[in-house]
Amino acid sequence: LLQNKNMNIYIIRHTAVAVEGFCYGQTDVPLKETFEKEAEIVKSKLKDVHFDAIFSSPLSRAKKLAEYCGYEIIQLKDRLKELNFGDWEMKEWEKIDMTEWEKDWINIPAPNGESFKQMQERVSTFIDELKNTNYSSVAVFAHGGVINCFRVYFGEATLEGAFDNLAQYGEVLLFEL
């Protein structure tokens with residue numbers, strides 16, 4: 001039987017990407033040349049924190065930051081990937097017809113992709129599984145959309161307002177489970 005104790009979840013958004021004006025959700029895109037400078041700041045924010053486990057999206061922009069911070073055992077979780085934009089991946093935002101999607105982006109998936117609600121459910125199952133561990137502190141390297149899902153899960157945002165306050169690249173947020 002697990003004890004009912006608090007767990008600190010540090011969620012870290014990857015550093016800036018070298019792609020602008022394109023929809024890239026689950027596409028593995030390169031990071032900006034400023035990666036090392038940005039990553040050093042993140043590393044310094046985490047240096048005094050002991051983690052029982054390190055989790056990361058398998059996308060290189062998140063995994064590379066976890067590795068840079070010196071973590072050797074990183075559990076890669078597909079559920080921590082960014083929103084799947086399906087047919088829109090790597091298309092220019094201004095060339096995508098989002099008319100139908102914008103009417104109900106929470107429930108309507110991108111063509112051959114997923115809806116925000118589907119992503120929320122995917123991320124929520126990951127958080128729910130953390131409840132069944134003995135961890136007291138974990139790090140999660142992920143994406144802006146995943147962080148928004150955390151905010152919704154922990155009651156800091158509604159599904160409708162999830163994107164009103166997007167985490168900055170390299171931002172470290174703390175949630176208590």
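Located above this text is the structure these notes cover.
Thresholds, definitions, all that
Residues numbered from 1 in each chain as written. Predicted model: local features only at pLDDT ≥ 70, side-chain atom pairs only at ≥ 80, totals over all residues. Heavy atoms only, no water. Core = buried A, V, L, I, M, F, W, Y, C linked by side-chain atoms within 4.5 Å. Buried < 20%, exposed > 50% of the residue type's maximum accessible area, 1.4 Å probe, protein only. Helix = DSSP H or I, 4+ residues; strand = E, 2+ residues; numbered from the N terminus. Axes fitted to C-alpha atoms, helices over the stretch in contact; angles between N-to-C directions. Parallel < 35°, antiparallel > 145°, perpendicular 65-115°, else oblique. Contact = heavy atoms within 4.5 Å. Pairing = 2+ DSSP bridges. Salt bridge = Lys/Arg side-chain N within 4 Å of Asp/Glu carboxyl O.

1. Points about the nonpolar core
Move 1: Grouped together as the largest cluster of nonpolar side chains are 33 residues, with contacts concentrated most on I11, V140 and F150.
Move 2: Listing elements by their share of this core, those giving two or more residues are strand 1 (8-13), strand 2 (53-56), helix 4 (116-130), strand 4 (137-142), helix 5 (144-153) and strand 5 (172-176).
Move 3: The element best represented in this core is helix 4, accounting for six residues.
Move 4: Core analysis: the next-biggest nonpolar cluster, separate from the first, contains 21 residues, I12, L31, A39 and L65 among them.

2. A look at the packing of helix 4 against helix 5
Move 1: As a packed pair, helix 4 and helix 5 sit with axes 9 Å apart at the nearest point and diverge in direction by 70 degrees. Classified by the angle their axes make, helix 4 and helix 5 are roughly perpendicular. Of the residues in helix 5, those in contact with F116, M119, Q120, V123, S124, F126, I127 and D128 of helix 4 are G145, V146, N148, C149, F150, V152 and Y153.

3. Some thoughts on the sheet that holds strand 4
Strand pairing within a sheet occurs via backbone hydrogen bonds; the two strands may be parallel or antiparallel.
Move 1: Pairing in this open sheet of five strands is mixed, and the strands run 3-2-4-1-5 from one edge to the other. Every interior strand has two partners, whereas the edge strands, strand 3 (75-76) and strand 5, have only one.
Move 2: Bridge count for strand 1 against strand 4 is six bridges, and the pairing is parallel. Opposite I11, over in strand 4, you have V140 as the bridge partner.

4. Examining the pattern of salt bridges
Move 1: Considering all chains together, one arrives at nine salt bridges under this definition.
Move 2: A salt bridge links K95 to E92, with the shortest nitrogen-to-oxygen separation between them at 3.2 Å.
Move 3: Taking relative accessible area as the criterion, K95 reaches 62% and is therefore assigned exposed.
Move 4: Residue E92 is classed as partly exposed on the basis of its relative accessible area of 28%.
Move 5: One salt bridge connects E114 with R122, and the closest N-O pair in it is separated by 2.4 Å. Considered together, E114 and R122 belong to a single accessibility category, that of buried residues.

These values are about where atoms sit, not about what they do.
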